[in-house]
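# Structural features, examined
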Amino acid sequence: MAALRLQNLRKSFGGLPAISDVSLEVAPGERRLIIGPNGAGKTTLFNLVTGDLPRDAGNVILFEEDVTRLAPHHRVHRGLARTYQIITLFPKDTLEHNIALSLLGLSKLRWNAFRSFDADLYVEARAVLARVGLEHLAKRGIAEVAYGDKRRVEIAMALAQKPRVLLLDEPLAGLSREERATVKQLIAAIPREVTVVMIEHDMDTALDMAERITVLHYGRVIVEGTRAEVVADPKTREVYLGH
Amino acid sequence: MRIANLTHGALFMLGAYLGVSILKLMPNLWVAALLGGLAVAAFGGLLERFILRKLAGNILGQVLVTLGFAYIIADLCLVVWGGDPIPIPTPEFLQQPLRVAGFAFPAYRVAVVVLSVLVGMALHLLMERTRLGAMIRAGVDDMQMARAVGIPVSKLFTLVFCLGAGLAGAGGVIGGPIMSAYPGLDADMLPLALIVVILGGVGSLAGAFAGSFITGFVYTFGVALFPQLAYVILFLPMIFVIAFRPRGLFGKFAA
Amino acid sequence: MKLAALACLLVAFPLVGGEFYVNLASQIFIFAIFAASINLLLGYGGLATLGHASYLGVAAYTSALLGLKLGLGHWIAAPAALLGTTLMACLFGLIALRATGLGFLMLTLALSQVLWGTAYRWVALTDGDNGLRGLSRPFHLDDAASFYYFALAATAASLWLMARFVGSPFGAALRGTRDQPRRMSALGHNVWLIRWVSFVYAGFWGAVSGLLFVYYHKYIHPISLSLTNSAEGLLAVIAGGSGTLGGPVVGAAIVMLLKNYVSAYIERWNTLLGLVFVLIVVFMPEGVVPGVKRLWLRFASRT
């Protein structure tokens, strides 16, 4: 059984193919890295998996269930979570409220329009923030905290959803060396039962985190294999070194 | 241009009233349409330059400001021209009905249709075939990029707004012999214009044309057959279009 | 404490205020419900509607017509009007929420213009420009003070329920869809359904304000369905400060006072209204309440 299987996915924007015929299989609990130069279609691929973009052809299968025709929020309820490369938080709200909205998304409470907003949600949200080492900032507004902390909130929001498959879109982008180390530790601490698929455009930063690597180039999978296999493959060099 | 403009009905009415006044001085409808259009265009240009410019990206602000001006225009028209409908005479040489294959068509209306097709074609050529049109399209699609390559986006937008306002004003004069000028003309025209745009698709000239033809047909037959429900009937094609094609018939952007 | 003081003040008002002022206060209450229901969409949902007069007007017309044409009492007419109008909001929401932003605004406007045009032209049913006369109030609330208390109670209940709605988990989700709709769906929220439910809820409170409106005036005219009426409601929300609980109430008071006082001295109410729109948008885009607060802080920090 695969945690996530993509079958012949295709997507074009106005005639320009962004993803052509991508098939992938990620095993449960696997750490998969998807690399490729800028413009290779990595984020587009994530958007097709989550349903943020409609696909032109192909299927998305989550734990043997075809979710291709499901709306994004229904896929989330089946255990799919994601973070964004461009930080997408609720800037007017506090950190704990951001996390609470994430918890609320999977709670029955979200349709309750008559009781007041539950303090329990904030308690739970602070516990999630503690996991990423941000509990002390729980009552701060998003706009007041540093960029590196926002990155961690991004991840915390996804973790709060207790996902089965977690898609991380360049979680290390724009971070300093120290911040990278913190976030890497954070990702390494994700429980094994969660399947993690991570995008990175810079090959060296993330190699050590992956078990299997897929190289995407111009919307196609050109190499796939273990870390050693991918690094040794001449096609990888070609993409990254340009000859 | 993605500016929410609710003054269009009022500009149409302003054009019609200006037409009334100009016709008193020189009895030629086409000259009146031209002058009325120019006057309204100038007004539109000022509005864009000094008010709307500051509200770029603020849809709600644009809506309220244009609505505010629509009220002011309508009220001032009431002050200047009074509350009674003022008819605009049909040009003499178009008063005889046109006979084609045994059917009689009102000549003036045929002339209006011909004129509107010509204006539509001219606009299409302007937008699609000229350098100016290409620059305008570039400015709408990606303002920053267009600016970066040296297109004077803000001047162009003022120009486009003038053109839109001017056409509304000239339309008011030319529509005069059919509808005459009266208080409330603005409110009658605005929903028609809105429905035409929604139906045809925002940012599409072909859509505006198809939309206005469908609206015109449905409205005319609707008024004749079920006068009380004309607005409901007018609205039906729009509901269908929105239900199946939220971008409108020819739209590029989601409505 | 402040709230209790305000309550005492409002309850005591008819004992000291003259009839003109008591009636004016009733009108402010009714308009405040209307503005608050627009604020649910605009302030909390980020959905700018220009068609909210539809719900006020349709509820008012339904209640009036059921009474006049079918001779039904208020006990049946009022719930029927609320239910009918809310169902209409269900349908309109399906259409208008095909779009957001400018498209949503144009669709709500177009839908309400249809109703307005129909009310004008379907003379057999609505008596067109003459409006419907000879309506009654429930419970024989014919003097100013007793209607004032009725309106006060209804307004307090409405505003309280709307505040609950905003402060609930659902309200938090609604605000989330305003700020980051894509993220909300990535968090498992059904953005479209949240908006639709809020749209219907706002429509319901619009209908409540419509019932009170027709009870107060005992008369209904197509102008209640007009763009002007929707826009005045929107103006009240923006003037007071959208996305705040008190804002629409303050805004409603400002608009009503302007309308009743200034129009007594100036004949050109529409020009004034237009100017107010322009001035508020250009100079106080965040609303009078936050705007005055900001100016006051600047003033206070100088001295």
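Quick caveat, the model's predicted, so the values are computed rather than measured. (Residues numbered from 1 in each chain as written. Chains lettered and ligands numbered in written order. Predicted model: local features only at pLDDT ≥ 70, side-chain atom pairs only at ≥ 80, totals over all residues. Heavy atoms only, no water.)

A separate point is the overall build of chain B. For chain B, the count of helices and strands is 10 helices and 2 strands. The buried share among the 255 residues of chain B stands at 44%. Of the contacts made within chain B by residues no fewer than 6 positions apart, 69% connect residues no fewer than 24 positions apart. For chain B, the computed accessible surface area is about 12600 Å², with 72% contributed by carbon and sulfur atoms. (Helix = DSSP H or I, 4+ residues; strand = E, 2+ residues; numbered from the N terminus. Buried < 20%, exposed > 50% of the residue type's maximum accessible area, 1.4 Å probe, protein only. Contact = heavy atoms within 4.5 Å. Areas by Shrake-Rupley, 256 points an atom, 1.4 Å probe, with all protein chains shown as cover.)

On to the nonpolar core. Counting 203 residues, the largest nonpolar core has A:Ile99 and C:Leu50 as the members making the most contacts within it. Examining the composition of this core, we find that 17 residues originate from one element, helix α2 (residues 19–45) of chain C, more than from any other. Discounting residues that sit within four places of it in the chain, C:Leu50 has contacts with B:Leu6, B:Val63, B:Leu67, C:Leu105, C:Thr108, C:Leu109, C:Ser112, C:Leu227, C:Ser230, C:Ala231 and C:Leu234. One finds A:Leu45, A:Val49, A:Leu62 and A:Leu216 within the second-largest nonpolar core, a separate group that totals 24 residues. (Core = buried A, V, L, I, M, F, W, Y, C linked by side-chain atoms within 4.5 Å.)

This part is about the pattern of salt bridges. Residue and element names in this part refer to chain A. For the coordinates displayed, the defined rule picks out 21 salt bridges over all chains. In this structure, the salt-bridge partner of Arg78 is Glu65, at a minimum N-O distance of 2.9 Å. Taken together, the positions of Arg78 in the loop between α2 (72–77) and β6 (80–82) and Glu65 in strand β5 (residues 65–66) put the pair 13 residues apart, joining distant regions of the chain. Given the relative accessible area of 33%, Glu65 is considered partly exposed. (Salt bridge = Lys/Arg side-chain N within 4 Å of Asp/Glu carboxyl O.)

Moving on to the interface of chain A and chain C. The interface of chain A with chain C comprises 31 residues on the first partner and 24 residues on the second. Buried area between chain A and chain C, summed over both chains or domains, comes out near 2500 Å², and the portion from carbon and sulfur atoms is 59%. Interface area lost by chain A to chain C is led by A:His73, A:Phe90 and A:Trp111, which between them contribute 23%. For the pair chain A and chain C, the number of links is 3 salt bridges. (Buried area = accessible area lost by both parts, 1.4 Å probe.)

As a further point, take the sheet that holds strand β1 (residues 4–13) of chain A. Residues and elements named next belong to chain A. Pairing within the open sheet is antiparallel, and its 4 strands lie in the order β2-β1-β4-β5. Both edges of this open sheet fall to β2 (16–26) and β5, since each of them pairs with a single strand only. Two strands pair when backbone bridges link them, and strand β4 (residues 57–62) and β5 are joined in this way by 2 bridges, in the antiparallel orientation. Looking at the pairing, Ile61 lines up with Asp66 of β5. The strands that helix α1 (residues 42–50) touches are β1, β2 and β4; relative to β1, the one it contacts most, it runs at about 115°. (Pairing = 2+ DSSP bridges. Axes fitted to C-alpha atoms, helices over the stretch in contact; angles between N-to-C directions.)

Structural measurements only, silent on function.
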